[in-house]
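Now for the letters of each chain:
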Amino acid sequence: MRHSAAQTSLFDAGPHTLLDDAEGGVRYCPGFIAGQQAQLWFEALRDRVAWEARQRPMYEHIVDVPRLVAAYRLDDPQLPAPLAQAQQRLREALPAPFNAVGLNYYRDGRDSVAPHNDKLHSLVPGQPIALLSLGAPRRMTIRTKQAPHRTCHIDLEPGSLLVMSHASQRHYDHGIPKTREAVGPRISLAFRVRPFEPGHR
Ligand SMILES: O=C(O)CCC(=O)C(=O)O
Ligand SMILES: [Fe+2]
């Protein structure tokens, strides 16, 4: 890891190591972005991103993906300002050469993401995934893939950053379960290092 004043401030914000492995495991940093800033980014992205409602096959049916999504390459000239600013903040804190961001918009407690690991073939080995949370808090469940399953729950607060190692994707699944509790809307930004081919858009 690179050492810089900005990186020290990441650690000053009080990261918690939830799981450990040779690549940094899974770390949670509350207050990575100030609350007011997180709220402004939430509102701007909610209102300006061209959110997509997707469908996917499940067994012999086609089902709605239970959240709205969007994705950008970070070199996109149309990149919304909050994403460029968030990328800059990440660059101060982590050495990873993030080049892509996936956005998830959970409108209410019925929206969710099923337990999964991020697709390893579309990630550069050794590079982390950084999840920045905006809007209402939601609970994430992280679970060992192998029995006996060990489960950890973490409430992802607005302005928090969750950094997951590439290695952690092989051994753990993560998801945002549905909840019957009255929860407000949440947007997550998943910054990744993708193996884009030169010239590919
Ligand atoms: O919303 C989150 O915090 C998790 C999103 C996620 O796991 C993903 O986009 O792959
Ligand atoms: Fe994921």
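About the thresholds
- Residues numbered from 1 in each chain as written.
- Chains lettered and ligands numbered in written order.
- Predicted model: local features only at pLDDT ≥ 70, side-chain atom pairs only at ≥ 80, totals over all residues.
- Heavy atoms only, no water.
- Core = buried A, V, L, I, M, F, W, Y, C linked by side-chain atoms within 4.5 Å.
- Buried < 20%, exposed > 50% of the residue type's maximum accessible area, 1.4 Å probe, protein only.
- Helix = DSSP H or I, 4+ residues; strand = E, 2+ residues; numbered from the N terminus.
- Contact = heavy atoms within 4.5 Å.
- Disulfide = S-S within 2.5 Å.

Under an unreviewed UniProt entry, the name given to the protein is Alkylated DNA repair dioxygenase AlkB, and the organism recorded is Lysobacter niastensis.

A.B. asks: I'd love a proper account of the nonpolar core, names of residues and values included.
C.D. replies: Ranked by size, the top nonpolar core spans 33 residues in total, and within it Phe 98, Leu 103, Leu 161, Leu 189 and Phe 191 carry the most contacts. Contributions of two or more residues to this core are made by α2 (35–48), β4 (61–73), α3 (81–93), β5 (100–106), β7 (129–135), β10 (161–164) and β12 (186–192). Sequence-distant contacts of Phe 98, defined by excluding residues within four places in its chain, comprise Leu 74, Gln 87, Leu 90, Pro 128, Ala 130, Phe 191, Arg 192 and Val 193.

A.B. asks: Go over the state of the cysteines with me, naming the residues and quoting the values.
C.D. replies: Evaluation of the coordinates by the stated rule reveals 0 disulfides. Summary of cysteine pairing: Cys 29 is not part of a disulfide, and the nearest cysteine sulfur, belonging to Cys 152, is at 14 Å. Its relative accessible area of 3% is what places Cys 29 among the buried residues. Judged by relative accessible area, Cys 152 falls into the buried class, the value being 19%.

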